[in-house]
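Here is what each chain is made of, one letter per residue.
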Amino acid sequence: MEQMKPILSVAQLEKSFGGVQAVRGAEFEVLEGSITALIGPNGAGKSTVVNLIAGALRPDAGQVHFRGVDITGYKPHQVAGHGLIRTFQISREYPAMTVLENLMVSPLGQTGEHLFSALFRRGHYKSEEREFVEKAIAILDEFGLYGMRNEYARNLSGGQKRLLELARAVMADPKMLILDEPMAGINPALISRIGEHMLRLKEDNGYTFLMVEHNLDVVERVCDHVVVLAVGRTLAQGTMSELRQDAEVVSAYLTGGSVGAGTKG
Amino acid sequence: MAILIGYLATLGVYFCIYNIFAIGLNIQFGYAGILDFTVITFMAIGAYMAGVGSLGPAQPGTEIYYILGLSLPWPLALILGAVSAGVLGYLIGLIALRRLRSDYLAIVTLAAGSIIYGLVGNNTKIFDGYEGLVGVPQPFNGVLNLSPNTYDLVFMIFAAVIMLLLWVLANRLYKSPLGRAMRATREDLDVAEAFGKNTYRIRMMAMVIGAVFVGIGGVLTIWFITALAPAGWGTSETFVVWAALIVGGMGNNKGAVIGSFLVAVLFNEATRFLPSINGLPSLIPEIRNICIGALVILTLRFRPQGVFPERKAKFFELPLTGRGREREHEVVVTGAEE
């Protein structure tokens, strides 16, 4: 099995929007080198938890630790700087940039992003730039997007945009990826291909994944570990087959939030 | 003949100046997507600060008041103007860029511009209020002793050199990874942020660099016409720069050039020297505004990307080895799409 060290741990996370308490004490760990699924009925607070981890929202209470560092309240770009990259629920490519350029944005801490180098010392980033192009080309080839590299990203099909999102994240060399519904709205053939890519990245590159997903078949096939959220708290954890036995989980999916509300207090 | 040369030189100077404005706005909006609706304020601050930098101290008893009056040599005055515009860009950026999205940001820039306009106009002690600065010394003029028309020609070359310099820098910025990061923030702020870009800092850089460019254009303006009053930098002037960029094409500095030529030179400035029609003194300016507005509408309707649209980025690539595998992948993708 994988190393059993947690790479990400979320403790007592809370977040309210006005009177709505979206997350009330969610708590779970993601083990390094695992593919962990975050499931739960609509309104369970999955996306809010993702946003809290990634720094897009600030938690009212609780902590997020990533690779031993307390990243609670970090800005999104600081979280990314620590090697934790997230994708969004809807594909959000850079539409008016080419596919290759979409990837070229990704590498962290580029020399040519310093103003002085950008304006006066182009020699400083030329060789780095060449390496990035080579790397981007190799990644595009892996994802079957090589032929589209000089196309504007907005011209890709929905499925290709999903692949581009993943390719763009790989280009950033992350330690961990948080994917918010990566399989939403794509056909079964592509779903299994994205699943294969995730397994390959886990095996070959040692990536850790946290994936919000509704398709339980995919979760069963791809994920090592599943965290169930309901009404903003962790309801259950375990492997998919363990959870299928769990009456509470089944009823949370069937009856929405009522189970969580019943166990409140 | 001399008059014609002087006329063309004047248009040439305006071309260079508007070109600098358009490139500055292109950095702010075309690169980084910052809706700056107060471009002309940066021009004014650059111009005023260079003006009070070049002028001698205000003489008591003349009823003309302004701050500083440093009698600086022109390069220092230029730097003073450029830096002041940059500082103003930074201050407006502090308010506008931290958390505001494009539309609110536009409102903030518009409001900041109005505040500064009122402040400069009503406060006679800063830049002599609505009277404005006059008699600003021109660079080289004291040394060269030229006739006005010849001086205009010299100044045109001077402005062209500065424009070329800024053009080269703007293009370098565009092609650099920093420029790429700016465009990524323009395309999707949240995604760029999630990919580790400090979007606030990146947009602030675009804001300040653009403001400095426009400020330098302002310095050239006040040197060329030797005077500046608030009437010369109303909100409508901002619109002319925007029109130039929209018509020429955003995100491409070539677009800024052709746009400044079409809008700023052919319509806005060339028509200023037409003799006014008897009895209808405001006819030509009104037709001019109609023409510029129509040009913008026609561009947005028929060629929204402008005369020179943004180009795809080109990268130096080595040929890919193992093409066979790639083709196999593509088959899977196209198969999966059906």
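Being a predicted model, the structure only gives us computed values, none of them experimental.

Undergrad: Lay out the domain arrangement of chain A in plain terms, naming residues and giving numbers.
TA: Residue and element names in this part refer to chain A. Taken domain by domain, chain A comprises domain 1 (6-93 + 173-262) and domain 2 (96-155). Computed over C-alpha atoms, the centres of domain 1 and domain 2 are 29 Å apart. In this assembly, eight residues from domain 1 lie in contact with seven residues from domain 2. Among the residues domain 1 hides against domain 2, the three largest losses belong to E93, H197 and R200. Together they make up 59% of the total. Linking domain 1 to domain 2 there are two salt bridges. With a closest N to O distance of 3.5 Å, E142 and R200 form a salt bridge. Here domain 1 is connected to domain 2 by two residue pairs in polar contact (both at pLDDT 80 or more). Looking at the side of domain 1 that touches domain 2, the elements that each hand over two or more residues are α2 (76-81) and α7 (188-205). Its residues assigned to classes, the side of domain 1 that touches domain 2 comprises two nonpolar, two polar and four charged.

Undergrad: Tell me about the layout of surface pockets, residues and numbers included.
TA: By volume, the largest pocket is sized at about 880 Å³. Taken together, 31 residues form the lining of the largest pocket, with A:G55, A:K75, A:P76, B:R98 and B:E193 sitting closest to its centre. Of the residues assigned to the lining of the largest pocket, the class counts are 14 nonpolar, seven polar and 10 charged. Within this model, the second largest pocket holds a volume of roughly 730 Å³. Forming the walls of the second largest pocket are 26 residues, and the residues nearest its centre are B:N171, B:Y174, B:K175, B:A313 and B:K314. Along the lines of polarity and charge, the residues of the lining of the second largest pocket split into nine nonpolar, four polar and 13 charged.

Undergrad: Can you tell me about the environment of B:T221, naming the residues and giving the values?
TA: Residue and element names in this part refer to chain B. In this structure, T221 sits in helix α10 (residues 199-225). For T221, a relative accessible area of 8% translates into the label buried. Between the C-alpha atom of T221 and that of V13, which follows or precedes it by 208 residues, the distance is 8.6 Å. If sequence neighbours within four positions are ignored, T221 has contacts with I17, F21, M43 and T226. Here G217 takes part through its backbone oxygen, which lies 2.7 Å from a polar atom of the side chain of T221.

Undergrad: Before we move on, could you go through the interface of chain A and chain B and cite the residues and values that matter?
TA: At the interface, 55 residues of chain A touch 43 residues of chain B. Summing the contributions of chain A and of chain B, the shared interface buries around 4600 Å²; its carbon and sulfur component is 58%. Remark: the boundary between chain A and chain B carries five salt bridges. A:R92 serves as the salt-bridge partner of B:D190, at 2.9 Å between the closest nitrogen and oxygen.

Undergrad: Quick rundown of the sheet that holds strand β4 (residues 61-66) of chain A? Include the residues and the values.
TA: Residues and elements named next belong to chain A. Taken together, the four strands give an open sheet; going across it, the order is β2-β1-β4-β5, and neighbouring strands pair in antiparallel fashion. In this open sheet, the two strands that pair with only one neighbour each are β2 (20-31) and β5 (69-70). Pairing of strand β1 (residues 6-17) with β2 involves nine bridges; the strand directions are antiparallel. The residue bridging K15 from the neighbouring strand is V23, located in β2. Against the sheet, helix α1 (residues 46-54) makes contact with β1, β2 and β4, and its axis sits at roughly 65° relative to β2, the strand it touches most.

Undergrad: Describe the environment of A:M148, naming the residues involved and giving the relevant values.
TA: All names here are of chain A. Take M148: it is sitting in the loop between α5 (123-142) and α6 (158-171). A relative accessible area of 22% means that M148 is categorised as partly exposed. Along the backbone, M148 and E14 are 134 residues apart, and their C-alpha atoms lie at a distance of 43 Å. Once residues lying within four places of it in the same chain are set aside, the contact partners of M148 are V99, L156 and Q160.

Undergrad: A description of the pattern of salt bridges should follow, citing residues and the corresponding values.
TA: Counted by the stated rule, this structure contains 14 salt bridges over all chains. If you follow the salt bridges from partner to partner, you end up with A:R92, B:D188 and B:D190 in one network.

Undergrad: Just give me the short version of a positive patch on the surface, but keep the residues and values in it.
TA: The grouping of A:R122, A:K126, A:R130, A:R154, B:K175, B:K254, B:R311, B:K312 and B:K314 at the surface amounts to a positive patch. Relative to the helices and strands, B:K254 is located in helix α12 (residues 253-269).

Undergrad: For the nonpolar core, give the residues involved together with the corresponding values.
TA: The tendency in soluble globular proteins is for nonpolar side chains to be buried side by side. If you look at the biggest cluster of nonpolar residues, it comprises 90 residues, and the most contacted ones within it are B:I27, B:L133, B:F155, B:M182, B:L220, B:W223 and B:W233. No other element matches α10(B), which puts 15 residues into this core. The residues contacting B:F155, other than those within four sequence positions of it, are B:V13, B:P139, B:L220, B:W223 and B:F224. Of all hydrophobic cores here, the second largest spans 64 residues; its members include A:I137, A:L163, A:V218 and A:V228.

Undergrad: Provide a residue-level description of the pairing of strand β9 (residues 225-230) of chain A, including the pertinent values.
TA: Residue and element names in this part refer to chain A. Most of β9 is tucked away: five of the six residues are buried. Two elements, strand β3 (residues 35-39) and β9, share four bridges in a ladder whose sense is parallel. Within β9, the residue paired with T36 across the bridge is H225. Of the strand pairs in this sheet, β9 and strand β10 (residues 233-238) are connected by five bridges, and their pairing is antiparallel. Residue V228 lies in a different strand from β10, and its bridge partner there is A236. Between β9 and β10, which follow one another and run antiparallel, lie two residues, and V231 among them has a positive phi close to 45°.

Undergrad: Go over the sheet that holds strand β7 (residues 176-180) of chain A with me, naming the residues and quoting the values.
TA: Residue and element names in this part refer to chain A. The strand order across the open sheet built from six strands is β6-β7-β8-β3-β9-β10, with neighbouring strands paired in mixed fashion. Across the chains shown, the open sheet's two edge strands, defined by having one partner strand only, are β6 (84-86) and β10. In this sheet, neighbouring strand axes are inclined to one another by 20° on average, regardless of whether the strands run parallel or antiparallel. Bridge count between β7 and strand β8 (residues 208-212): five bridges; the pairing is parallel. Across the sheet, residue L179 finds its bridge partner in β8, namely M211. Where α7 meets the sheet, its contacts fall on β3, β7 and β8, and the angle it forms with β8 comes to roughly 155°.

Undergrad: Can you tell me about empty space enclosed by the protein, naming the residues and giving the values?
TA: According to the stated counting rule, one finds two cavities of 30 Å³ or more in the structure shown. As a volume, the largest cavity reaches approximately 50 Å³. Every residue along the wall of the largest cavity is listed here: A:T87, A:R162, A:E165, A:L166, A:L179, A:P182 and A:I194. At three residues, α6(A) tops the list of elements feeding residues into the lining of the largest cavity. Across the lining of the largest cavity, the residue classes break down as four nonpolar, one polar and two charged. In this model, the second largest cavity occupies a volume close to 30 Å³. What lines the second largest cavity is simply A:A96, A:M97, A:T98, A:E101, A:Y152, B:Y174, B:R183, B:E310, B:R311, B:K312 and B:A313. Among the residues forming the lining of the second largest cavity, the class breakdown is five nonpolar, one polar and five charged.

The rules we used
- Residues numbered from 1 in each chain as written.
- Chains lettered and ligands numbered in written order.
- Predicted model: local features only at pLDDT ≥ 70, side-chain atom pairs only at ≥ 80, totals over all residues.
- Heavy atoms only, no water.
- Domains from an automatic or database assignment.
- Contact = heavy atoms within 4.5 Å.
- Buried area = accessible area lost by both parts, 1.4 Å probe.
- Salt bridge = Lys/Arg side-chain N within 4 Å of Asp/Glu carboxyl O.
- Polar contact = N/O pair within 3.5 Å; in protein donor to acceptor, adjacent residues only side chain to side chain.
- Helix = DSSP H or I, 4+ residues; strand = E, 2+ residues; numbered from the N terminus.
- Nonpolar A, V, L, I, M, F, W, Y, C, P; charged D, E, K, R; others polar.
- 1 Å grid on protein atoms, 1.4 Å probe; cavity = no way out; pocket = protein on both sides within 12 Å on 5 of 7 lines; lining within 4 Å.
- Points joined across faces, edges and corners; volume = space filled by probe spheres on them.
- Buried < 20%, exposed > 50% of the residue type's maximum accessible area, 1.4 Å probe, protein only.
- Pairing = 2+ DSSP bridges.
- Axes fitted to C-alpha atoms, helices over the stretch in contact; angles between N-to-C directions.
- Patch = residues over 30% accessible without salt bridge, like charges linked within 9 Å, V, L, I, M, F, W, Y side chains within 5 Å.
- Areas by Shrake-Rupley, 256 points an atom, 1.4 Å probe, with all protein chains shown as cover.
- Lys, Arg positive; Asp, Glu negative; His and termini not counted.
- Charge placed at Lys NZ, Arg CZ, Asp CG, Glu CD.
- Core = buried A, V, L, I, M, F, W, Y, C linked by side-chain atoms within 4.5 Å.

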